[in-house]
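# Analysis of the macromolecular model
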Amino acid sequence: MSSAGVLVVVGTPIGNLDDLTPRAVEALAGADLVVCEDTRRALKLFSAAGVPPRPMLVANDHTEAGQVTKVLERLRAGATVALTSDAGLPGISDPGERLVRAAASEGFEVRVVPGPSAALAALVVSGMATGRFVFEGFLPRRGSGRDERLTALAGERRTIVLYEAPHRVSRTLSDLASALGPRRRVAVCRELTKLHEETWRGALEDAVRRSEEVEPRGEYVIVVDGAPAPADATDDELSVALHRLRADGLSTRDAVAEVASVYGVPRRRVYDLATRQ
Ligand code: SAM
């Protein structure tokens, strides 16, 4: 055991075990403790890495907060702790953020062994602009939180990356089409790095139709083109945004102000469209 504790954040494959890096194998083999979401998944990882199982501590969405104290105790005792998750990078829609913050704020060294993450893998294969993007993780499942996020995304100029569970893909694509406009470009990335890897590219309305025809199965990332530059916003796009805000209960006046500000267009233009709806 080294004299000063170290927390090592270890990226692991998002499906294809050949993506396990030599440095990840080394980090697992050299760890005094491996923090994982699920011991069965961790045991598979050890087996793929050819590493005899190391002592494990489970930290999942429900238990991470409670495990911080235990991990800090081990770090104080000088342990090297490897932080993993079921797949990809810990902390990306997975536990890890709290542990990293706690270890860093106590002055422990925190290192990273980078690996794949579905968000970045999907972004680079999507064909959308990669220069500026925003990661939204999973949208709230329902309620005003979901509506607010969708409304905010309507004017988002950066490429948008979302995670979604297969049984909610269709609904989410449909909500995105209503909020962002049916012709907005989308890439639907499925089962990346796995046998049934597929990336479909097209308009949101066509993606909705397709997801209704063929039942979505497997793991999905949805990558949506950012909103057009203000000067490029079409009347159709402004009308869709107006319609959505009014359906959410905003007065015409407030909806016009919001759309004008989000798209950076004159209020007069939006108001004229509102009177025609
Ligand atoms: N920490 C992981 C990462 O770095 O990508 C993400 C964990 S999150 C709980 C799981 C979600 O990531 C899935 O529901 C799916 O949206 C996405 N995902 C993970 N693996 C994927 C894959 N091979 N192909 C497509 N999406 C994937």
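In this text, all values refer to a predicted model and were calculated from it rather than measured experimentally.

### Here's the deal with the pattern of salt bridges
Here the structure, examined in full by the defined rule, presents 20 salt bridges. Taking the shortest distance from any N to any O, the salt bridge between Arg 101 and Glu 97 comes out at 2.5 Å. On the criterion of helical spacing, the pair formed by Arg 101 and Glu 97 is a turn pair, its members being 4 residues apart in helix α4 (residues 97–105). Exposure remark for Arg 101: the relative accessible area of 49% places this residue in the partly exposed category. The partly exposed category is assigned to Glu 97, whose relative accessible area is 49%. The closest approach of N and O atoms between Arg 268 and Asp 272, which form a salt bridge, is 3.1 Å. Here Arg 268 pairs with Asp 272, and both are found in helix α11 (residues 267–276), just 4 residues apart, close to one helical turn. Residue classification places Arg 268 among the exposed positions, given a relative accessible area of 55%. On the accessibility criterion, Asp 272 (31% relative accessible area) is partly exposed. Among the charged side chains, a network of salt bridges with common partners joins Arg 183, Glu 205, Asp 206 and Arg 209.

### A look at helix α2 (residues 39–49)
Residues of α2 that are buried: Ala 42, Leu 45, Phe 46 and Ala 49. Taken around the axis of α2, the buried residues stretch over an arc of 100 degrees, which confines them to a single face. The outward face of α2, more than 90 degrees from its buried face, is lined by the exposed residues Arg 40, Lys 44 and Ser 47. The opening residue of α2, the one whose side-chain oxygen lies 2.8 Å from the backbone nitrogen of Arg 40, is Asp 38. At the C-terminal side of α2, Gly 50 shows a positive phi close to 70 degrees.

### Here we look at the domain arrangement of the protein chain
Considered domain by domain, the protein chain is made up of domain 1 (6–116), domain 2 (119–224) and domain 3 (235–276). Taking only C-alpha atoms into account, the centre of domain 1 sits 47 Å from that of domain 3.

### A few points about unusual backbone geometry
Positive phi, normally seen in glycine, also occurs at Ser 93, with a value near 50 degrees. Within the secondary structure, Ser 93 sits in the loop between β4 (80–83) and α4. Assessed through its relative accessible area of 33%, Ser 93 is described here as partly exposed. Even without being a glycine, Thr 193 presents a positive backbone phi close to 70 degrees. As for its placement among the helices and strands, Thr 193 is situated in the loop between β8 (185–190) and β9 (198–203).

### Let's talk about the site of the ligand
Taken together, 18 residues surround the ligand, and among them Asp 94, Ser 117, Ala 118, Tyr 163 and Tyr 220 come closest. Ile 92 has a polar backbone atom sitting 2.9 Å from a nitrogen atom of the ligand. Within the contact set of the ligand, an oxygen atom lies 2.6 Å away from a backbone nitrogen or oxygen of Tyr 220. When isolated, the ligand has an accessible area of 570 Å², and the protein chains bury 90% of it. Looking at the shell around the ligand, you find at least three residues from each of domain 1 (6–116) and domain 2 (119–224).

Calculation criteria
Residues numbered from 1 in each chain as written. Predicted model: local features only at pLDDT ≥ 70, side-chain atom pairs only at ≥ 80, totals over all residues. Heavy atoms only, no water. Salt bridge = Lys/Arg side-chain N within 4 Å of Asp/Glu carboxyl O. Helix = DSSP H or I, 4+ residues; strand = E, 2+ residues; numbered from the N terminus. Buried < 20%, exposed > 50% of the residue type's maximum accessible area, 1.4 Å probe, protein only. Arc of directions from axis to C-beta. Polar contact = N/O pair within 3.5 Å; in protein donor to acceptor, adjacent residues only side chain to side chain. Domains from an automatic or database assignment. Near = heavy atom within 4 Å. Areas by Shrake-Rupley, 256 points an atom, 1.4 Å probe, with all protein chains shown as cover.

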